[in-house]
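# Architecture at a glance
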Amino acid sequence: ALLPGLAQAQAAYPNRPITIIVPFAAGGPTDVVTRLVAEVMSRDLGQPVVVENVGGAGGTLGAQRVAQARPDGYTLLLHHIGMGTTPSLYRRLSYDAVNGFETIGLVTEVPMTIITKKDFPANNLAELVKVLRERKAEVNLANAGVGAASHICGLLLQSAIQTQLTTVPYRGTGPAMTDLIGGTVDVMCDQTTNTTQQINSGSVKAFAVTTSTRNAALPNLPTAAEAGLPGFEVSVWHGLYAPKGTDAAIVNRLSRALQVALREDRLVARFAELGTAPVSQEMATPEAHRRYWQADIAKWRPIIQAAGQYAD
Ligand code: MLT
């Protein structure tokens, strides 16, 4: 009696709109990636794929929403490196941050850029480091809360220059970018999916890209190593998740739709304009994503414990 019902549910899936929760504010890098992927997945799945922004607490509020959602394949989470860092950064989460999700597949790995408001008194990374060391807590560093990619990149920057700045948290680097352009905050480390256009239009000033090679969308921007911060490397992997207990047939159907999206020409071209690229088809599988995610948790734990930066 059970099997026909289950088989029937699988056969019909999806038979109504799917929601992907973005755990940061609209207009930021995670939102941009998700809306591009959702549009193509929707065509493959034959149902609307709606993006809902649930910001706050460095992405953990949105993750919690999905961890506690019905495991029926209609509420998903598109998140990033924060799924690797928050298990160590937060000591009291109301969901299982290590194992409370089914992995559907990796999506993309996005480089980061160190940027300031356009009239900040520095014109290269050496000058920026000098001014940051002089002004210390007078400088406002924007991020998207403890656990955001912009937070971890800001931590790495402050430890590289041995200087503590003042942190101004936002519900995403979309709203943070508005204030950086407006000049009410000074510096940010954010993903090329949110900064490429602003850098190329001159509305912010860029100092380095945080990958070992230069970025094709920002060819004149030196790497952090070239500009004087060797070893400063961080890029932001993104993955798609479902609540723990979601049926494997549904997870696999979603992974196939994700793989279709990641090889769609216009999505690939748009990712390239934004300084990034989709992962390979084999990395967009549940198994590869789970291995990568669990290894990332293990990678960040000692780094975060050494830095002593916790959120309660
Ligand atoms: C981040 O720093 O993780 C970004 O803010 C994420 C986002 O806003 O999309």
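Counting restarts for each chain: residues are numbered from 1 in the order of the written sequence. Confidence filtering applies because this is a predicted model: local features only for residues at pLDDT of at least 70, side-chain atom pairs given and counted only at 80 or more, and all residues used for totals across whole chains, interfaces and linings. The basis for the side-chain values is all heavy atoms of the structure; hydrogens and waters are excluded.

## Section: the environment of threonine 246
Here threonine 246 is to be found in the loop between strand E9 (235-243) and helix H10 (248-262). Taking the C-alpha atoms as reference, threonine 246 lies 19 Å from glutamine 294; in sequence the two are 48 residues apart. Working rule for contacts: check all heavy atoms of both residues, and any pair within 4.5 Å makes them a contact. What threonine 246 contacts, discounting residues up to four positions off in sequence, is Pro71, Gly73, Glu102 and Val251. Numbering of helices and strands runs from the N terminus, with a helix taken as a DSSP run of H or I at least four residues long and a strand as a DSSP run of E at least two residues long.

## So, the confidence of the model for the protein
Reading predicted coordinates in detail is not appropriate for stretches of low pLDDT. Residues at a pLDDT of 70 or more form 96% of the protein, whose mean pLDDT is 95. Scored by ipTM, the complex comes to 0.92, with pTM at 0.95. pLDDT runs from 0 to 100 and stands for how confident the predictor is about each residue.

## Some remarks on helix H2 (residues 29-45)
In a helix, the anticipated span is given by 1.5 Å times the number of residues less one. Its 17 residues give H2 an end-to-end C-alpha distance of 24 Å, which sits within 8% of 24 Å, the value for a rise of 1.5 Å per residue. Working definition: with a 1.4 Å probe on protein chains only, accessible area under 20% of the residue-type maximum means buried, over 50% means exposed, and in between means partly exposed. Of all 17 residues that make up H2, 12 are buried, and the element is covered over most of its length. Taken together, the buried positions of H2 are occupied by Pro29, Thr30, Asp31, Val33, Thr34, Leu36, Val37, Ala38, Val40, Met41, Ser42 and Leu45. Backbone geometry just after H2 places glycine 46 at a positive phi near 75°.

## Here's the deal with the site of the ligand
A cutoff of 4 Å decides nearness: a residue is near a molecule or strand if any of its heavy atoms lies inside that distance of it. Lining the immediate surroundings of the ligand are Phe24, Gly28, Pro29, Thr30, His80, Ala144, Ala148, Ala149, Ser150, Gly172, Thr173 and Gln191. Relative to its unbound accessible area of 260 Å², the ligand is 100% covered by the protein chains. Mapped onto the shell around the ligand, the elements with two or more residues apiece are H2 and helix H6 (149-160). In this classification, the charged set is Asp, Glu, Lys and Arg, the nonpolar set is Ala, Val, Leu, Ile, Met, Phe, Trp, Tyr, Cys and Pro, and all remaining amino acids, among them Gly, are polar. For the shell around the ligand, the class distribution of residues is 5 nonpolar, 7 polar and no charged. Surface accessibility in these figures is a Shrake-Rupley result with a 1.4 Å probe; residues are shielded only by whichever protein chains are displayed.

## Here's the deal with the packing of helix H4 (residues 82-89) against helix H12 (residues 286-307)
The angle between two axes is taken between their N-to-C directions and runs from 0 to 180 degrees, where each axis is a line fitted to C-alpha atoms and a helix contributes only its stretch in contact. Packing of H4 against H12 brings their axes to within 8 Å, and their N-to-C directions diverge by 45°. With respect to H12, the element H4 is oriented oblique. Considering how the two elements wind past one another, H4 and H12 form a crossing that is right-handed. Of the residues in H12, those in contact with Met83, Gly84, Thr85, Pro87, Ser88 and Leu89 of H4 are Trp293, Asp296, Ile297, Trp300, Arg301 and Ile304. Of the residues contributing to the contact of H4 with H12, the split by class is 7 nonpolar, 3 polar and 2 charged. Working definition: roughly parallel below 35 degrees, roughly antiparallel above 145 degrees, roughly perpendicular at 65 to 115 degrees, and oblique for all remaining angles. In this scheme the crossing of two helices becomes right-handed for a clockwise turn of the near helix relative to the far one and left-handed for an anticlockwise turn of less than a right angle.

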